[in-house]
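Structural features, examined
Listed below are the residues making up each chain.
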Amino acid sequence: MGLVGIVLVSHSEQLASGLRDLLRQVATPEVPIVAAGGTLDGELGTSPDRLAEAIAQADTGAGVIILADLGSAVLTARAVLEDSPGPLLVDAPFVEGAVAAAVTASTGAGLTEVADAAREARDVAKF
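Everything numeric here is computed off the predicted structure, so don't read it as measured data.

Here's the deal with the overall build of the protein chain
Across its full length, the protein chain carries 5 helices and 4 strands. Reading the protein chain from its N end, one meets helices and strands in the order β-α-β-α-β-α-β-α-α. For a compact globule of 127 residues, the expected C-alpha radius of gyration is about 14 Å, and the protein chain comes in at 13 Å, within 12% of that figure. Once the C-alpha set of the protein chain is aligned to its principal axes, its extents read approximately 35 × 35 × 25 Å. When each of the 127 residues of the protein chain is scored for burial, the buried share is 50%. Within the protein chain, residue pairs in contact and separated by at least 24 positions form 72% of the contacts whose partners lie at least 6 positions apart. Of the roughly 6,500 Å² of accessible surface on the protein chain, a fraction of 54% belongs to carbon and sulfur atoms. The protein chain carries 7 positive and 17 negative side-chain charges, and their two centres are separated by 4 Å.

Details of the packing of helix α2 (residues 48-58) against helix α3 (residues 71-83)
The interhelical angle for the contact between α2 and α3, taken along N-to-C directions, is 60 degrees, at an axis separation of 10 Å. Considering only the axes of α2 and α3, their crossing is right-handed. Contact residues: α2 offers Pro48, Leu51, Ala52 and Ile55, while α3 offers Thr76, Ala77, Val80 and Leu81. A per-class count over the contact of α2 with α3 returns 7 nonpolar, 1 polar and no charged.

Criteria and thresholds
- Residues numbered from 1 in each chain as written.
- Predicted model: local features only at pLDDT ≥ 70, side-chain atom pairs only at ≥ 80, totals over all residues.
- Heavy atoms only, no water.
- Helix = DSSP H or I, 4+ residues; strand = E, 2+ residues; numbered from the N terminus.
- Rg over C-alpha atoms; globule rule 2.2 N^0.38 Å.
- Buried < 20%, exposed > 50% of the residue type's maximum accessible area, 1.4 Å probe, protein only.
- Contact = heavy atoms within 4.5 Å.
- Areas by Shrake-Rupley, 256 points an atom, 1.4 Å probe, with all protein chains shown as cover.
- Lys, Arg positive; Asp, Glu negative; His and termini not counted.
- Charge placed at Lys NZ, Arg CZ, Asp CG, Glu CD.
- Axes fitted to C-alpha atoms, helices over the stretch in contact; angles between N-to-C directions.
- Left-handed = near helix turned anticlockwise from the far one by under 90°.
- Nonpolar A, V, L, I, M, F, W, Y, C, P; charged D, E, K, R; others polar.

Set out below in structure tokens:
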């Protein structure tokens with residue numbers, strides 16, 4: 001069994017991809033991190049098909065957490081999860097939560113611990 005996977009859902013393909021690139025700098029290479037940003041035609045928005053594919057790519061058997069940037073990305077994720085339960089949509093800050101999740105997943109922590117790390121990032125002061 002692999003490590004917990006992370007899926008990044010954003011309205012912007014560039015935002016999701018950029019965050020994925022950042023996470024690859026702080027996580028071990030074995031952590032599956034998949035960006036699901038933008039629509040299939042390259043516009044701003046969220047694509048259920050792109051999200052479902054990202055979940056499948058990130059799933060190595062240890063579970064998948066999903067982090068979303070804005071409200072309608074959350075709605076899209078919830079709709080996708082109705083059809084494929086299992087991945088966990090986590091209410092956490094997009095960037096800080098993703099960094100905390102990636103670092104925690106790198107340690108081999110389980111789904112609950114990775115999700116908790118992402119949520120706890122909400123309470124970390126920046127200065």
